[in-house]
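So the chains spell out like this:
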Number of protein chains: 2
Amino acid sequence: MARTTPPPAPLRSVYLISPSGVVREPADLDRARARLSDLGFKSRLDRTALAVHERFAGTDRQRLAGIARALRQAYPLVMATRGGYGLSRLLPFIDWRAVADSGKIFIGQSDFTAFCLALLARTGAESLAGPTAIADFGRSTTDDLTTALFTELLDRQLEILSFETADADPVDARGILWGGNLSMVAALVGTPYLPDVRGGILFLEDVSEHPYRIERALAHLWQAGILARQKAIVLGHFTDYRLGSHENGFDMPSVVRWLRATVKVPVVTGLPYGHIPTHATLPVGRRVGLATEKGLAHLVLHEHA
Amino acid sequence: MARTTPPPAPLRSVYLISPSGVVREPADLDRARARLSDLGFKSRLDRTALAVHERFAGTDRQRLAGIARALRQAYPLVMATRGGYGLSRLLPFIDWRAVADSGKIFIGQSDFTAFCLALLARTGAESLAGPTAIADFGRSTTDDLTTALFTELLDRQLEILSFETADADPVDARGILWGGNLSMVAALVGTPYLPDVRGGILFLEDVSEHPYRIERALAHLWQAGILARQKAIVLGHFTDYRLGSHENGFDMPSVVRWLRATVKVPVVTGLPYGHIPTHATLPVGRRVGLATEKGLAHLVLHEHA
């Protein structure tokens, strides 16, 4: 009996899973899949991606099974439908070696930060801090630059991500790129799921967190010795917070000033990353370069062979 | 030249410092001091307790100086005027050995959790998770039971704190009592300021945190190996949170169910502690006993010699 090797799957086919929060409006996911189809992506929805258990997209068992199925199917890309909350409680039950050995490219952000960092910590494998299906493709409009930065990264055509920075310390360094949502990074400190990256380039963003919480999380990373081990801290966008009536001028710029005064590591602001319409896709766990010049920062994501 | 030893300071005299958030209404503090005076407490306000720097009660330098002055003055009790946010960034700059050697009894809660735990971690010294001046004595009404639980603990008259618990696993154990505000405990994981308590009795409370954040913080402690090392987890009150429109039944009881299903440690609910009017004063770092019987829990705080 002849065995035939299946043809290589195109890098434009994506398997959608829901490892975190419940998909509130399935129509959003229909729209996301239609938009992905317009962009040339074949997509398939995991069979429990629309499951509902409390605020989660299914029970822990269902969501774990979805991740396990994602490893066995033929699509090379695996994308989270959305963030929310839910991966934290799954981390000890995911077979990280199987995830790494699958060769699949996992993509997501926000709550998915826990997945990307745990995968890096347990196996060293790379994943993408990039779009989630609903937030980036399921809305009435899709951001062309977000889409382009995603597909160019997939196609290894994005060699350098350059961005304007109003506020960058001088830096010219190479190191492992890692990070994501600051609250999620902080919630992994002291666990086996935070990668022990030395000489890294740490990128951070957050949403709906008061600047004092951002500062407290940064103080946490600082006092755990994590910040001092990095070659640079790259700040994305910190959005959708509400200041109180007794801040007396305290705001995100105060936090950045405090960070600079506290750690000796170069800080670069302005990374197009976060809970914002226009954001880059970033390879978590890849060795990259970072250099600044007047008013600009360059993140070297993929170098010529 | 004859040196005279000053008379021992009465245990009803308290020095007030502001290591965290700005005192918004100095009149609240006047009311607190008048109320403390009615209760037989002489009080003295540190000279920068009303300082203002951004959202903090003074610059870091001012707040650190307030803590240092508190060690040198004659009053045996040192109480925080309020919580808020601010201790996190001070922790590496406090002389913890001097704090312990001063013999002063430090009292506070909420943000002050960082102080109590860091003191325990660095020196093994005890402090009190108890009243803050403004929240407990500076309002139009003062809770008599909170006051009684505070003074009886100071006077070593409170041997057993018994409380109703609707939901307690059987436990009969002795161990170091530690904990406080869950968000603050979690923000110390992996730093030198979290005590490494083995076989302890961990108490937790929080305010204005959605149950999913409570669960994420508990998952953090769990995955850091901290929960499994305790003899019991005692839950106080988790208050003032707002559920969303897609919880599908998720709430604090779901979190407690998840906690019980996840860790093998006995969980006891109903501790009168948290951001609530009626709360106990608890000795952080003291070896205590804990026992449950039908519908009741008994925390043995001070045993007969």
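A brief report on the enclosed structure follows. Note that the structure is predicted; figures quoted are calculated from it, not measured.

Side note on the relation of the copies chain A and chain B
With an axial shift of 0.0 Å and an RMSD of 0.0 Å, the rotation relating chain A to chain B amounts to 180 degrees. In the structure described here, the two chain copies are related by an operation that fits a two-fold rotation axis. Measuring from the rotation axis to each C-alpha of chain A, the shortest distance belongs to Gly190(A), at 2.3 Å. Most of the interface of chain A is mirrored in chain B: 100% of its interface residues are interface residues there too.

Digging into the interface of chain A and chain B
Opposite the 42 residues of chain A that make contact, chain B presents 42 residues. Taken together, the two surfaces of chain A and chain B that pack against each other cover about 3400 Å², and 55% of this comes from carbon and sulfur. For the interface between chain A and chain B, the tally reads eight salt bridges. A salt bridge links Arg89(B) to Glu215(A); the shortest N-O distance between them is 2.9 Å. Counting every contact that joins chain A to chain B gives 20 residue pairs in polar contact (both at pLDDT 80 or more).

Details of the sheet that holds strand S5 (residues 127-129) of chain A
Residue and element names in this part refer to chain A. Sheet architecture is open: six strands sit in the order S2-S1-S3-S4-S5-S11, paired in mixed fashion. Each edge of the open sheet carries a strand with a single partner, namely strand S2 (42-45) and strand S11 (282-284). Between one strand axis and the next, the sheet turns through 30 degrees on average, direction left out of account. Strand direction decides the pairing type here: S5 and S11, joined by three bridges, are antiparallel. By the bridge assignment for S11, Ala 129 is matched with Leu 282.

Notes on the nonpolar core
Membership of the largest hydrophobic core comes to 101 residues, with the highest contact counts inside it found for Phe115(A), Leu204(A) and Leu282(A). Here this core spans two domains, since at least three of its residues come from each of domain 1 (13-154) and domain 2 (160-300) of chain A. Those residues in contact with Leu282(A), other than ones at most four positions away along the chain, are Ser127(A), Leu128(A), Ala129(A), Leu161(A), Leu177(A), Phe203(A), Leu271(A), Tyr273(A), Leu299(A) and Leu301(A). Ranked by size, the runner-up nonpolar core spans 100 residues in total, among them Leu36(B), Val185(B), Ala232(B) and Val256(B).

Section: the side chain of Asp46(B)
All names here are of chain B. Examined against the element boundaries, Asp 46 turns out to sit in the loop between strand S2 (42-45) and helix H2 (60-72). Separated by 2.8 Å, the side chains of Asp 46 and Arg 69 make a polar contact. Filtering out sequence-adjacent residues up to four positions away, Asp 46 remains in contact with Tyr 15, Leu 16, Ile 17, Gly 66 and Arg 69.

Considering the pattern of salt bridges
Pairing is possible between side chains of opposite charge, provided their charged atoms come close. Going through the model one piece at a time under the given rule, you end up with 34 salt bridges over all chains. Residue Glu209(B) is joined to Arg213(A) by a salt bridge in which the shortest nitrogen-to-oxygen separation is 2.9 Å. Taken together, the positions of Glu209(B) in the loop between strand S8 (200-207) and helix H8 (211-223) and Arg213(A) in helix H8 (residues 211-223) put the pair across two chains. Exposure class is identical for Glu209(B) and Arg213(A). Each is buried. For the salt bridge of Arg55(B) with Glu247(A), the shortest nitrogen-to-oxygen distance reads 2.6 Å. Of this pair, Arg55(B) sits in the loop between S2 and H2 while Glu247(A) sits in the loop between strand S9 (230-239) and helix H9 (252-262), which puts the two residues in different chains. Neither Arg55(B) nor Glu247(A) differs from the other in exposure class; each is buried. Sharing partners across several salt bridges, the network here consists of Asp60(A), Arg63(A), Arg89(A) and Glu215(B).

Some thoughts on the packing of aromatic side chains
All names here are of chain B. Under the counting rule described, the total for this entry stands at 24 aromatic pairs over all chains. Ring centres of Phe 56 and Tyr 85 lie 5.7 Å apart, and the angle between their planes is 50 degrees; this geometry places the pair in the tilted category. In this pair, Phe 56 sits in the loop between S2 and H2 while Tyr 85 sits in the loop between strand S3 (77-80) and helix H3 (96-101), placing the two residues 29 residues apart along the sequence. Given a relative accessible area of 0%, Phe 56 falls into the buried group. Residue Tyr 85 is classed as buried on the basis of its relative accessible area, which comes to 1%. Seen in terms of ring centroids, Phe 137 and Phe 150 are 6.3 Å apart; in terms of plane orientation they differ by 50 degrees. Their pairing is tilted. With Phe 137 in helix H5 (residues 133-137) and Phe 150 in helix H6 (residues 144-154), the pair connects residues that are 13 residues apart, well separated along the chain. Summarising the burial analysis for this pair, Phe 137 and Phe 150 share the class buried.

Details of the pairing of strand S13 (residues 296-300) of chain B
On a regular strand, each side chain points to the face opposite its neighbour's, so the side chains alternate between the two faces of the sheet. Residues and elements named next belong to chain B. Pairing geometry for strand S6 (residues 160-164) and S13, over five bridges, is antiparallel. Within S13, the position partnered with Leu 161 by the bridge is Leu 299. The loop that links strand S12 (residues 287-293) with its antiparallel partner S13 comprises two residues; one of these, Gly 295, has a positive phi angle of about 80 degrees.

Criteria and thresholds
- Residues numbered from 1 in each chain as written.
- Chains lettered and ligands numbered in written order.
- Predicted model: local features only at pLDDT ≥ 70, side-chain atom pairs only at ≥ 80, totals over all residues.
- Heavy atoms only, no water.
- Least-squares fit on C-alpha atoms with pLDDT ≥ 70 in both.
- Contact = heavy atoms within 4.5 Å.
- Buried area = accessible area lost by both parts, 1.4 Å probe.
- Salt bridge = Lys/Arg side-chain N within 4 Å of Asp/Glu carboxyl O.
- Polar contact = N/O pair within 3.5 Å; in protein donor to acceptor, adjacent residues only side chain to side chain.
- Pairing = 2+ DSSP bridges.
- Helix = DSSP H or I, 4+ residues; strand = E, 2+ residues; numbered from the N terminus.
- Axes fitted to C-alpha atoms, helices over the stretch in contact; angles between N-to-C directions.
- Core = buried A, V, L, I, M, F, W, Y, C linked by side-chain atoms within 4.5 Å.
- Buried < 20%, exposed > 50% of the residue type's maximum accessible area, 1.4 Å probe, protein only.
- Domains from an automatic or database assignment.
- Phe/Tyr/Trp six-rings, centres within 6.5 Å; stacked < 30°, edge-to-face > 60°.

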